[in-house]
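# Structure at a glance
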Amino acid sequence: ENHSNSSIYEKKIVNVAHRGASGYAPEHTIPAYQLGEQMKGDYIEIDLQMTKDGKLIAMHDEKVDRTTNGTGLVKDLTLAEIKKLDAGSWFNEKYPQFAKTKYKGLVVPTLEEVFKKFGRQANYYIETKSPEVYPGMEKELLKVLKDYKMVDSKGRTKNVLIQSFSKESLLKVHDMNPKLPLVQLFSYKNQATISDKELESIKEYAIGVGPNFTKIDGQYVKMVRNHGLQFHPYTVNERADMKKALEWGATGLFTNYPDVFNEVIKEY
Ligand code: G3P
Ligand code: CA
């Protein structure tokens, strides 16, 4: 198979398929990730939760309720229990214009299954979600990365980025493997600013920052870029916003519509 995706090391602007091409297919399912690749997204974005029996799965919420036909917290369910759930029908009901029969009955993938399916040619942008709820999540993540040879014997990787809102979680990863490239996420409630001091402290462990697009401006991006950090805002779904992000100096962004972002990149 011919993959055209490029990592942050090869390309200036990276197109991150947010939860897969989740504008068109049920988020965090194999078809959503496949569509992300077909639409030439550079990275598959994966949010991680951990099951009762310690398996890492691709899911955004702590609860299975929104994206499956089940109920309850991931941490209270075993992988076997989660595997019985339908992770696609909700999408067909919510987005009839994009509904497909094949989405019915889709299963929640484990991180391992995603690696098995997409291999080492694909790039992965992996988020430790709610790390305070899942002690040992970082250790398990590093184990899976190693088992699937996403990191080499020296601990280096070409195709994985780790992201988190939790600085603590990123520092845990950094302590275990200082060579893994990390991105510090931010969720601002108000118009955001960032100081040289903050950026210097981020630079000690991370290679980039990812804030919510709606609360930043050109000055914020300038500050980040002046420190040589990557800048990947989320989640940018409108053409005009994508353009704005590029004009401000974003080095990539998270989008539910990787096809649209590629068109914007081409025009830019
Ligand atoms: O990881 C970047 C962005 O996805 C963060 O927001 O809630 O979609 O995981 P969320
Ligand atoms: Ca995410």
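Along each chain, numbering runs from 1 in the same order as the chain's sequence is written. All chains are assigned letters beginning with A, and all ligands numbers beginning with 1, in the order in which they are written. Only residues with pLDDT of 70 or above have their local features reported here, since the model is predicted, and side-chain atom pairs are shown and tallied only from 80 upward, although totals for entire chains, interfaces and linings are computed over all residues. Only hydrogens and water are removed before side-chain values are computed, so all heavy atoms of the structure are retained for them.

### As for the coordination of the calcium ion (ligand 2)
- Taken together, the protein donors to the calcium ion (ligand 2) comprise Glu45 (OE), Asp47 (OD) and Glu127 (OE), at separations of 2.1 to 2.3 Å.
- Each of the 6 donor atoms bound to the calcium ion (ligand 2) contributes to angles spanning 60 to 160 degrees, and the resulting shape is irregular.
- Each metal site lists N, O and S donors within 2.8 Å (3.2 Å for Na, K and Ca). With water left out of the atoms, a site can look as if it is missing ligands. Read N to C, the donor residues that coordinate the calcium ion (ligand 2) are spaced as E-x1-D-x79-E. Taken as a pair, aspartate 47 in strand 2 (residues 43–50) and glutamate 127 in strand 4 (residues 123–128) lie far apart in primary sequence, 80 residues in all. In terms of burial, aspartate 47 and glutamate 127 fall into one category: buried. Here the metal geometry follows the donor angles, with tetrahedral for four donors whose angles all fall between 85 and 135 degrees, square planar for four and octahedral for six when opposite donors are more than 155 degrees apart and every other angle is between 65 and 115, and irregular for all the rest. Helix and strand definitions follow DSSP, with helices as H or I runs of at least four residues and strands as E runs of at least two, each counted in order from the N terminus. When accessible area is computed with a 1.4 Å probe and restricted to protein chains, residues below 20% of their type maximum are described as buried, those above 50% as exposed, and intermediate ones as partly exposed.

### Quick notes on the site of ligand 1
- Any residue with a non-hydrogen atom lying within 4 Å of a molecule or strand is treated as near it. Close to ligand 1 lie His18, Arg19, Glu45, Asp47, His60, Glu127, Lys129, Gln163, Phe165, Leu185, Tyr234 and Phe254.
- One nitrogen or oxygen atom from the side chain of glutamate 127 is found 3.0 Å from an oxygen atom belonging to ligand 1.
- In this structure, an oxygen atom belonging to ligand 1 sits 2.6 Å away from a side-chain N or O atom of glutamine 163.
- Residue-level accessible areas treat just the shown protein chains as cover; the underlying method is Shrake-Rupley with a 1.4 Å probe. Alone, ligand 1 offers 280 Å² of accessible surface; in the complex the protein occludes 91% of this. Whenever two N or O atoms come within 3.5 Å, that pair is a polar contact, provided that in protein one can donate a hydrogen and the other can accept it, and provided that, for residues adjacent in sequence, both atoms are side-chain atoms.

### Description of the packing of aromatic side chains
- Aromatic pairs are defined between Phe, Tyr and Trp rings, using the six-membered ring for Trp, whenever the two ring centres lie within 6.5 Å; interplanar angles under 30 degrees are classed as stacked, those over 60 as edge-to-face, and all others as tilted. This model, assessed by the stated rule, comprises 16 aromatic pairs.
- Residues tyrosine 43 and tyrosine 125 carry aromatic rings whose centres are separated by 5.5 Å and whose planes lie at 65 degrees to one another, so their mutual orientation is edge-to-face. Of this pair, tyrosine 43 sits in strand 2 while tyrosine 125 sits in strand 4; the two residues are 82 residues apart in sequence, bridging distant segments of the chain.
- Here tyrosine 43 falls in the buried class, since its relative accessible area comes to 1%.
- Ring geometry for tyrosine 125 against phenylalanine 254: centres 4.8 Å apart, planes inclined by 55 degrees, an arrangement best described as tilted. Taken together, the positions of tyrosine 125 in strand 4 and phenylalanine 254 in strand 9 (residues 252–255) put the pair 129 residues apart, joining distant regions of the chain.

### Structural notes on the nonpolar core
- Buried Ala, Val, Leu, Ile, Met, Phe, Trp, Tyr and Cys residues that are joined via side-chain atoms within 4.5 Å together make up what is termed a nonpolar core. Counting residues in hydrophobic clusters, the biggest one holds 76 residues, and the most contacted among them are Tyr124, Ile126 and Leu145.
- With 5 residues, the single largest contributor to this core is helix 5 (residues 137–147).
- Residue contacts follow a heavy-atom distance rule, with two residues in contact if any of their heavy atoms lie within 4.5 Å. With sequence-adjacent residues up to four places away left out, leucine 145 is seen in contact with Phe115, Ile126, Met150, Val151, Val160, Ile162 and Leu180.
- Counting 10 residues, the second largest nonpolar core, distinct from the first, contains Val16, Tyr43, Leu161 and Val183.

### Describing the pairing of strand 1 (residues 14–17)
- The two faces of strand 1 match: Val14 and Val16 on one face and Asn15 and Ala17 on the other face are all buried.
- Strand pairing is assigned whenever DSSP identifies at least 2 bridges connecting the two strands. Judged from the 4 bridges that link them, strand 1 and strand 9 form a sheet pairing that is parallel. Looking at strand 9, one finds that valine 14 is bridged to glycine 252.
- As paired strands, strand 1 and strand 2 are joined by 2 bridges and run parallel to one another. Across the sheet, residue valine 16 finds its bridge partner in strand 2, namely tyrosine 43.

### Regarding the packing of helix 9 (residues 239–248) against helix 10 (residues 258–267)
- One way to put it is that helix 9 packs onto helix 10 with a least axis distance of 10 Å and a crossing angle of 50 degrees. Considered as vectors, helix 9 and helix 10 are oriented oblique to each other. The two elements helix 9 and helix 10 meet at a crossing, and its hand is right-handed. Side by side, helix 9 and helix 10 meet where Arg239, Met242, Lys243 and Leu246 of the first sit next to Val260, Phe261, Glu263, Val264, Ile265 and Glu267 of the second.
- Ten residue types, Ala, Val, Leu, Ile, Met, Phe, Trp, Tyr, Cys and Pro, are classed as nonpolar, four, Asp, Glu, Lys and Arg, as charged, and the remainder, Gly among them, as polar. Along the lines of polarity and charge, the residues of the contact of helix 9 with helix 10 split into 6 nonpolar, no polar and 4 charged. The angle between two axes is taken between their N-to-C directions and runs from 0 to 180 degrees, where each axis is a line fitted to C-alpha atoms and a helix contributes only its stretch in contact. Between 65 and 115 degrees an angle is taken as roughly perpendicular, under 35 as roughly parallel, over 145 as roughly antiparallel, and anywhere else as oblique. We call a crossing left-handed when the near helix sits turned anticlockwise from the far one by less than a right angle, and right-handed when that turn is clockwise.

### Thoughts on unusual backbone geometry
- One non-glycine residue, lysine 40, lies in positive phi territory at about 60 degrees.
- If you trace the backbone, lysine 40 turns up in the loop between helix 1 (30–38) and strand 2.
- Even without being glycine, lysine 149 reaches a positive phi, approximately 55 degrees.
- In this fold, lysine 149 is placed in the loop between helix 5 and strand 5 (160–164).
- Lysine 149 sits in the exposed class, given a relative accessible area of 53%.

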